Amino acid sequence: MDEGSGAAVPSQELTDDVVRRALRNCSKGEASRLNVPAWVGETDTALSPVVGWRDPKAPERGVLLVLGGGQVRGLVLRAPSGGARAAAMCDLCRTTRSAGDVALFAAPRAGAAGRRGDTVGVYACADLACARCVEVVKGTPALRPDPGRSVEERRADLARRAGAFVDSVLGV
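The structure contained in this document is the topic of the report that follows. (Residues numbered from 1 in each chain as written. Predicted model: local features only at pLDDT ≥ 70, side-chain atom pairs only at ≥ 80, totals over all residues. Heavy atoms only, no water.)

Below, the discussion takes up the overall build of the protein. Of regular secondary structure, the protein possesses 6 helices and 9 strands. Relative to its length of 172 residues, the protein is compact, with a C-alpha radius of gyration of 15 Å against a globular reference of 16 Å. For the protein, the spread of C-alpha atoms along the three principal axes comes to 40 × 35 × 30 Å. Here the protein holds 172 residues, and the buried ones make up 48% of them. Intrachain contacts of the protein at a sequence separation of at least 6 include 54% that bridge at least 24 residues. Across the protein, 24 positive and 20 negative side-chain charges occur, with their mean positions spaced 4 Å apart. (Helix = DSSP H or I, 4+ residues; strand = E, 2+ residues; numbered from the N terminus. Rg over C-alpha atoms; globule rule 2.2 N^0.38 Å. Buried < 20%, exposed > 50% of the residue type's maximum accessible area, 1.4 Å probe, protein only. Contact = heavy atoms within 4.5 Å. Lys, Arg positive; Asp, Glu negative; His and termini not counted. Charge placed at Lys NZ, Arg CZ, Asp CG, Glu CD.)

Rendered as structure tokens:
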């Protein structure tokens, strides 16, 4: 889809149509073939600044939606089949996760640059569950959120970093 302003969502309801229109770095055909899990429409968008998932029918493909300002901006991501071989930190939620739970995702740039093969990469939670990771109150050995930050601060930081990543992919 072409670079636009994202899908306007007055009530922030994440219907399949809203999700598909929000995807800004893929064609309409690719967006129409995307599998949108049922739970996405049930997401509490007031609390989740970011929604992400891996496509169960195409595990090398992921979707990242950034919510805010009455808009949903989304990207289609590509991931390798495996994750990091050691514990690693997600660039978006700043949660340190166990080996294999962080992966390098590549997002094709929007428009002509993406059609030429230009991409932007980010190390993110392999399951793209960054919004759930920032909600963790007490860390575990497998999941260690950004220390010294409240859940509200981590949520705001996730929104800011994910928005900056989307902007870099879109050339904003």
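All chains considered together, the criterion is met by 1 aromatic pair. Centroid distance W39 to W53: 6.3 Å. Interplanar angle 85°. Geometry classified as edge-to-face. Linking W39 in helix α3 (residues 38-41) with W53 in strand β2 (residues 50-55), this pair joins segments that are 14 residues apart in sequence. With a relative accessible area of 38%, W39 lands in the partly exposed category. (Phe/Tyr/Trp six-rings, centres within 6.5 Å; stacked < 30°, edge-to-face > 60°.)

A full pass over the atoms with the stated rule returns 9 salt bridges. Among the salt bridges present, the one from D167 reaches R73, with a minimum N-O distance of 2.6 Å. On the criterion of sequence distance, the pair formed by D167 in helix α6 (residues 151-170) and R73 in strand β4 (residues 71-78) is long-range, its members being 94 residues apart. Accessibility expressed as a relative area gives 24% for D167, which makes it partly exposed. A salt bridge links E135 to R155, with the shortest nitrogen-to-oxygen separation between them at 2.9 Å. Remark: R155 occurs in helix α6 and E135 occurs in the loop between α5 (130-133) and β9 (143-144); sequence separation between them is 20 residues. Residue classification places R155 among the buried residues on the basis of a relative accessible area of 17%. Each of the salt bridges in this network shares a partner with another, and the network as a whole consists of R149, D157 and R160. (Salt bridge = Lys/Arg side-chain N within 4 Å of Asp/Glu carboxyl O.)

Here we come to the nonpolar core. Formed by 30 residues in total, the largest nonpolar core has its most connected members in L75, L77, L92, C93, F105 and F165. Sorting the residues of this core by element identifies β3 (58-68), β4, β7 (102-108), β8 (119-125), α5 and α6 as the ones contributing at least two each. Ranked by the residues each element gives to this core, the list is headed by α6, at 6 residues. Excluding residues within four positions of it along the chain, F165 makes contact with L64, L75, L77, L92, A107, V120, G121 and V122. (Core = buried A, V, L, I, M, F, W, Y, C linked by side-chain atoms within 4.5 Å.)

Within the secondary structure layout, V18 lies in helix α1 (residues 16-22). Separated by 79 residues in the primary sequence, V18 and R97 place their C-alpha atoms 31 Å from one another.

Okay, unusual backbone geometry next. Even without being glycine, R94 reaches a positive phi, approximately 60°. With respect to the helices and strands, the residue R94 is situated in the loop between β5 (88-89) and β6 (96-97).

With that settled, consider the state of the cysteines. By the definition in use, this model includes 0 disulfides. The cysteine C125 is free of any disulfide, with C93 supplying the nearest cysteine sulfur at 3.6 Å. Free cysteine C133: the closest other cysteine sulfur is in C125, separated by 3.9 Å. (Disulfide = S-S within 2.5 Å.)

Moving on, we get to α6. Its 20 residues give α6 an end-to-end C-alpha distance of 28 Å, which sits within 8% of 28 Å, the value for a rise of 1.5 Å per residue. The set of residues buried in α6 consists of V151, R154, R155, D157, L158, R161, A162, G163, F165, V166, V169 and L170. Positive backbone phi, at 75°, marks G171, one or two positions downstream of α6. (Expected span 1.5 Å × (residues − 1).)

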